[in-house]
Amino acid sequence: GKLYKAVGILDKGHVVEVDRGGLVAGYIGHTTKKTTEKLEEALGGILFIDEAYSLAKGGDDPKDYGKEVIETILKYMEDNRNKISIIVAGYDNEMDDFIDSNPGLKSRFTKYYNFKNYSVDELTEIFQIFLLKEDYKTGKYILHNYVKDFLKKYKNNSDPNSFGNGRDIRNIVDQLKLI
């Protein structure tokens, strides 16, 4: 957001982060209002929608308001083309389904960035950072001979489509605190 502001793409450069729950309401007509409020809040900056694929999971089910969110966003994007940036994020396969759920999405979301999973060395560094945040310390011998080996096996045995990178490391550290 700050970069977009610095180069003159956006006026404010702030970021508003939401997920499905921040956009979908429980009643007909309320979803458009809730979504529009978030879009207005992000105007001049970036609306970042995490796990955006969840908006398209309902398909044509009239009880699922994700479609209403998508339609509201598409109209708003068109009406405010130079005033807002919208970034959608999620797992690769699910995001492909999301983009295919409405023909307007493919023509408006034209830039894709796939982030590679961290290497075992990077995961080990992240593990150490999480430990330090919790005021735990470990020696280099433990990190390089046990943690690194464990993370290598953990990563190799994980489903590559749902491997959570830093989130998985945070969860491992949280589990270690319980032991």
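Residues numbered from 1 in each chain as written. Predicted model: local features only at pLDDT ≥ 70, side-chain atom pairs only at ≥ 80, totals over all residues. Heavy atoms only, no water.

So, the pattern of salt bridges
Opposite charge on two side chains permits pairing when their charged atoms draw close. This structure, assessed with the given rule, holds eight salt bridges. Measuring nitrogen to oxygen at the nearest pair gives 3.2 Å for the salt bridge that ties Asp100 to Lys106. Residue classification places Lys106 among the partly exposed positions, given a relative accessible area of 49%. Linked by salt bridges that have partners in common, Glu78, Arg81 and Arg108 make up one network. (Salt bridge = Lys/Arg side-chain N within 4 Å of Asp/Glu carboxyl O. Buried < 20%, exposed > 50% of the residue type's maximum accessible area, 1.4 Å probe, protein only.)

Looking at the pairing of strand β2 (residues 46–50)
Relative to β2, strand β1 (residues 15–18) is paired through four bridges, and the arrangement is parallel. Looking at β2, one finds that Val18 is bridged to Ile49. As a crossover connection, the stretch from β1 through helix α2 (residues 30–42) into β2 is right-handed. Of the strand pairs in this sheet, β2 and strand β3 (residues 85–89) are connected by five bridges, and their pairing is parallel. Bridging from a neighbouring strand, Leu47 pairs with Ile86 of β3. (Pairing = 2+ DSSP bridges. Helix = DSSP H or I, 4+ residues; strand = E, 2+ residues; numbered from the N terminus. Right-handed = clockwise from strand over helix to strand, strands pointing away.)

Considerations on the environment of Leu74
Inspection of the secondary structure assignment puts Leu74 in helix α3 (residues 66–79). When neighbours within four sequence positions are excluded, Leu74 is seen to be in contact with Asn102, Gly104, Leu105 and Arg108. (Contact = heavy atoms within 4.5 Å.)

Things to note about the packing of aromatic side chains
The way to describe two aromatic rings as a pair is by their centre distance and the angle between their planes. Summed over all chains, the structure comprises two aromatic pairs. Residues Tyr53 and Tyr91 carry aromatic rings whose centres are separated by 6.4 Å and whose planes lie at 40 degrees to one another, so their mutual orientation is tilted. Taken together, the residues Tyr53 in the loop between β2 and α3 and Tyr91 in the loop between β3 and α4 (92–100) connect sequence positions 38 residues apart. (Phe/Tyr/Trp six-rings, centres within 6.5 Å; stacked < 30°, edge-to-face > 60°.)

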